[in-house]
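What follows is each chain in one-letter form.
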Amino acid sequence: MHQLEGENRALKSRLEDTQELVRHLDEDRDLLLGAVERLRPGLPPRELGEALLEVCFKPLGLACFYVALADWDRDQLEFVLYHEGGRVRQHPSRRLSDRAGLSERVLSNGRPIYIRTMEEGQASGSLLTAAEQATGLIPNSWYGVPLGKGPHPAGLVSFQSFQTDAFSESRRRVMDALATLLSTCMCQQETLQHP
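Residues numbered from 1 in each chain as written. Predicted model: local features only at pLDDT ≥ 70, side-chain atom pairs only at ≥ 80, totals over all residues. Heavy atoms only, no water.

(A) Up close: the overall build of the protein chain. A count of helical and extended segments in the protein chain gives six helices and seven strands. Secondary structure elements of the protein chain, listed N to C terminal, follow the sequence α-α-β-β-β-β-α-β-α-α-β-β-α. The burial tally for the protein chain puts 39% of its 195 residues in the buried class. In the protein chain, the proportion of contacts linking residues at least 24 apart, taken out of those at least 6 apart, comes to 59%. Carbon and sulfur atoms form 52% of the exposed surface of the protein chain, whose accessible area is close to 11200 Å². (Helix = DSSP H or I, 4+ residues; strand = E, 2+ residues; numbered from the N terminus. Buried < 20%, exposed > 50% of the residue type's maximum accessible area, 1.4 Å probe, protein only. Contact = heavy atoms within 4.5 Å. Areas by Shrake-Rupley, 256 points an atom, 1.4 Å probe, with all protein chains shown as cover.)

(B) Broad picture of the pairing of strand S1 (residues 64–71). Counted residue by residue, S1 has seven buried out of eight residues, so it is predominantly covered. Pairing analysis gives six bridges linking S1 to strand S7 (residues 155–161), with the strands arranged antiparallel. Its bridge partner lying in S7, valine 67 is registered against valine 157. Direction of pairing for S1 relative to strand S2 (residues 76–84): antiparallel, over a ladder of seven bridges. Counterpart to alanine 68 in the pairing with S2 is phenylalanine 79. Between the end of S1 and the start of S2, which pair antiparallel, lie four residues, with aspartate 75 showing a positive phi angle near 60°. (Pairing = 2+ DSSP bridges.)

(C) Structural context of the nonpolar core. Formed by 30 residues in total, the largest nonpolar core has its most connected members in Cys56, Phe65, Val157, Phe159 and Leu182. If you list the elements that add at least two residues to this core, you get helix H1 (2–38), helix H2 (45–56), S1, S2, strand S6 (141–147), S7 and helix H6 (169–193). The leading source of residues in this core is H6, at seven residues. Apart from residues lying up to four places away in sequence, leucine 182 is in contact with Leu39, Leu48, Gly49, Leu52, Val67, Leu147 and Val157. By size, the runner-up hydrophobic cluster in this structure holds 14 residues, among which are Ala68, Phe79, Trp142 and Leu156. (Core = buried A, V, L, I, M, F, W, Y, C linked by side-chain atoms within 4.5 Å.)

(D) Structural context of the side chain of arginine 172. Positionally, arginine 172 belongs in helix H6. Buried and without a salt bridge, arginine 172 has aspartate 165 as its closest oppositely charged side chain, separated by 5.0 Å. Residues contacting arginine 172, with those up to four places away along its chain left out, are Tyr114, Arg116, Tyr143 and Phe167. (Lys, Arg positive; Asp, Glu negative; His and termini not counted. Salt bridge = Lys/Arg side-chain N within 4 Å of Asp/Glu carboxyl O.)

Right, here's the structure in full:
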């Protein structure tokens, strides 16, 4: 009888694990489908960023989110959408060459960077924004993904959470796909405008 009860508990535990996995897979599918439905070539970069924010903010448990475009010729990083502290804020453009923060590292390396803790972020060159300094609401996890490939990505998208190590490898793959979709819509828009 004890053996049967033990097997029953093990089976129940495996079933609960499987149900949790299916729930996560369903959430990821819904995220990707929502992005495909909302992101359209021809929308201005800010509207594309707003659409992506609307699709992913709650499901990913985000605290902050931004889309920044790099103008390599003018040495500028322009924040077309910056959501922090529960609202969209104006974030000033800055020179790419003036700072060595995480955004610039993503752009110069041309690959995503994942920061799991606030301490890891500070050691990697994360710089606090004015709102973070004023409110003390500082994300622990930061995932920045370049928009496009090659030595000069078009920009980056940043996903941030107050939780430590908030983004699993599978979730980061979904965020990579979301950034690729955003980048593709932006590139197709430029192609449409400059035949």
